[in-house]
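Summary of the model geometry
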Amino acid sequence: MRKLSSSFAVILLAIAALLAGPATAQSLNVDIVGGVKTATPIVVVPFAQAGGAPLSTDVADVIRNDFNRSGKFRSLAKSDIVEFPAKGADIKFATWRLLKQDYITVGRISDAGGGMLRIEYELWDVNKQQSLLAQAFTVPAGDLRGVAHQIADQIYQKITGVRGAFWTRIAYITAVGLGNNTTYSLLVADSDGYNPQVVARSKESLLSPSWSPDGRKIAYVSFESGNSNIYVQDITTGSRQLVESHRKGINGAPAWSPDGSKLAVALSYVGNLELFVLDLASHQETRLTNSLSIDTEPVWAPDGQSIYFTSDRSGRPQIYQVASSGGSAQRVSFQGQNNAEASVSYDGKQIAMVQGNGNVYRIVVMDRSLGDQVRPLSPGPIDESPSFAPNASMLLYAATEGRRGVLYAVSADGLVRQRLVLSDGDVREPAWGPYRQH
């Protein structure tokens, strides 16, 4: 059962968790679908390399792909690059004006000794022939992808004024195998799907990964004990802690508070599924909702003062909002037959959700300044688990294609989609992590 109003299906799945077995991490296959003709044209010239063996990572390619999937930029195809300047003094601006490029990035890589590389880059305004950025990094040879993402972030911010989110990570669940031979894994990867690392592996279902605000921990649900329990795992040290609310019944849908001190969760030990806030230091538990309906899928507002959640108290699942200290809840979503799985942008202005109409479930975004009106962001028919990038310029979601689960990273305007698919198995329940600490 994949759908009953998005992850309401997960709640029912929780009652009858599936069996699984061990696995190895697989990389996601990546391709970019669509493009934006009005996006800003930019050329990223292949970085010059001063001697040494060919590098395993093409820094310019990574930057180019970051720009293309953002929806804000349109990178000149590598095959259309006709000149290869390595520094600003070598740029022939007339060439790039002829090719209708607004910006050009050039760079060079040299050996810094001790297994380190020095990467230098420059960003130039083609029409003004003006230098906008010039920076250098000295990094381990194995971290070229990370540096490329950081360069893309800096260029993105310089041109758009918005902090880039390419040097971030995503978490997701994979399911490989069939029936009793299925394997569930929680993985963390770069925002573009590369460099996957296994965080947890279980013989039972894994669900609902949620990043701590500092990006060091992930809360998730595991059925390894035969009951759904919430765990918090440090992804740096590998240490893991069982959250105190491990009572009989459903313990699910963890969501970190903006300050990282609390978890909002959905617990059923009181009879039906209700929302609670758990203080991780004092283990104090605050009940937020008290209804005869299913209340689940909490997500905090950025100011920490309120929590959005899914409830079927109106007859069908809809998005509601309640103070983080408890109290009466207000309905937020009204368009569509049902709405679930809210994700809130960093500034609180946008709410992404799964909207169901008939048998079609797609991702929509509500701009709170425009009331309850929504705009579609995905085509359906079975899309779920939206998760905003930390700058809200992109959004991750899961889709069902045939019998397989895949992920999409879509630009905020919906015009560019990056497809992330596992070569053998399903990938689902994505969660976009916070900005990384330098």
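Residues numbered from 1 in each chain as written. Predicted model: local features only at pLDDT ≥ 70, side-chain atom pairs only at ≥ 80, totals over all residues. Heavy atoms only, no water.

Before going further, it helps to spend a moment on the overall build of the chain. For the chain, the count of helices and strands is 4 helices and 31 strands. In terms of overall dimensions, the chain is globule-like: its C-alpha atoms have a radius of gyration of 23 Å, near the 22 Å expected for 438 residues. Across the 438 residues of the chain, 55% fall into the buried class. Intrachain contacts of the chain at a sequence separation of at least 6 include 46% that bridge at least 24 residues. Summed over all atoms, the accessible surface of the chain reaches about 18,400 Å², with 49% contributed by carbon and sulfur. Separation between the mean location of the 41 positive side-chain charges and that of the 40 negative ones in the chain comes to 3 Å. (Helix = DSSP H or I, 4+ residues; strand = E, 2+ residues; numbered from the N terminus. Rg over C-alpha atoms; globule rule 2.2 N^0.38 Å. Buried < 20%, exposed > 50% of the residue type's maximum accessible area, 1.4 Å probe, protein only. Contact = heavy atoms within 4.5 Å. Areas by Shrake-Rupley, 256 points an atom, 1.4 Å probe, with all protein chains shown as cover. Lys, Arg positive; Asp, Glu negative; His and termini not counted. Charge placed at Lys NZ, Arg CZ, Asp CG, Glu CD.)

Taking 1.5 Å of rise per residue, the 17 residues of helix α4 (residues 144–160) would be expected to cover 24 Å, and the 24 Å separating its terminal C-alpha atoms lies within 8% of that figure. Along α4, the residues that are buried comprise L144, R145, G146, V147, A148, H149, Q150, I151, A152, D153, I155 and Y156. G161 sits one or two residues past α4 and shows a positive phi near 80°. (Expected span 1.5 Å × (residues − 1).)

Before going further, it helps to spend a moment on the side chain of E297. Among the secondary structure elements, E297 is positioned in strand β19 (residues 295–300). Given the relative accessible area of 11%, E297 is considered buried.

Most of strand β17 (residues 274–279) sits inside the fold, with 5 of its 6 residues counted as buried. With 6 bridges connecting them, strand β16 (residues 262–267) and β17 associate as antiparallel partners. For V265, the partnering residue across the bridge sits in β17 and is F276. Connecting β16 to the next strand, β17, in antiparallel fashion are 6 residues, including G271 with a positive phi near 130°. Between the end of β17 and the start of strand β18 (residues 285–287), which pair antiparallel, lie 5 residues, with H283 showing a positive phi angle near 65°. (Pairing = 2+ DSSP bridges.)

Moving on: the packing of aromatic side chains. Counted under the stated rule, the structure contains 10 aromatic pairs. Relative to F73, the ring of F67 lies with its centre 5.1 Å away and its plane at 45°, an arrangement referred to as tilted. Residues F67 and F73 agree in their burial class; the two are buried. In textbook terms, an aromatic cluster arises when at least three aromatic residues are bridged by ring pairs, as seen for F67, F73, Y156 and F166. Lying across the ring of Y408, R417 places its NZ or CZ 4.4 Å from the centre. (Phe/Tyr/Trp six-rings, centres within 6.5 Å; stacked < 30°, edge-to-face > 60°. Lys NZ or Arg CZ within 6 Å of the ring centre and 35° of its normal.)

With 26 residues, the main nonpolar core has F47, I63, F67, I119, I151 and I155 as its most contacted residues. Going through the elements one at a time, β2 (40–44), α2 (59–70), β5 (103–113), β6 (116–125), β7 (130–140) and α4 are the ones with two or more residues in this core. The element that contributes the greatest number of residues to this core is α4, accounting for 7 residues. Sequence-distant contacts of F67, defined by excluding residues within four places in its chain, comprise I42, V44, F73, S75, A152, I155, Y156 and F166. Of all hydrophobic cores here, the second largest spans 18 residues; its members include I170, A389, V427 and Y435. (Core = buried A, V, L, I, M, F, W, Y, C linked by side-chain atoms within 4.5 Å.)

Glancing now at the pairing of strand β28 (residues 394–401). When you tally the buried positions in β28, you get 7 out of 8 residues, the bulk of the element. Pairing analysis gives 4 bridges linking strand β27 (residues 383–388) to β28, with the strands arranged antiparallel. Residue pairing for β28: E384 is matched across the bridge by A398. Following β27, the chain reverses through 5 residues before pairing antiparallel with β28; A392 in that reversal takes a positive phi of roughly 65°. In the sheet, β28 pairs with strand β29 (residues 404–411) via 8 bridges, with the strands oriented antiparallel.

Okay, the confidence of the model for the chain next. The share of residues in the chain with pLDDT of 70 or more is 93%, and the mean pLDDT across the chain is 90. Predicted confidence for residues 1–24 stays below pLDDT 50, and this span has 76 contacts to residues more than four positions away or in other chains. (pLDDT = per-residue confidence, 0-100.)

So, about the side chain of S378. Within the secondary structure layout, S378 lies in the loop between β26 (374–376) and β27. A distance of 2.6 Å separates polar atoms of two side chains, one belonging to S378 and the other to D383. For S378, the residues in contact, after removing those within four places along its chain, are R362, I363, D383 and Y397. (Polar contact = N/O pair within 3.5 Å; in protein donor to acceptor, adjacent residues only side chain to side chain.)

The next thing to look at is α2. In a regular helix each residue adds 1.5 Å, so 12 residues correspond to 16 Å; α2 covers 17 Å between its end C-alpha atoms and thus fits that length. α2 sits mainly inside the fold: 9 of its 12 residues count as buried. Taken together, the buried positions of α2 are V59, A60, V62, I63, R64, D66, F67, R69 and S70. Of the residues that open α2, the one with a side-chain oxygen 3.1 Å from the backbone nitrogen of A60 is D58. Of the residues flanking the end of α2, it is G71, one or two places downstream, whose phi is positive at about 85°.

This part is about the sheet that holds strand β31 (residues 426–432). With antiparallel pairing, the 4 strands of this open sheet are ordered in space as β10-β9-β8-β31. Looking at strand neighbours, the two that pair on one side only are β10 (197–202) and β31, the edges of this open sheet. Between one strand and the next, the sheet's axes are offset by a mean angle of 20°, whatever the strand orientation. As paired strands, strand β8 (residues 169–176) and strand β9 (residues 183–190) are joined by 8 bridges and run antiparallel to one another. Bridged to R169 within β9 is D190. (Axes fitted to C-alpha atoms, helices over the stretch in contact; angles between N-to-C directions.)

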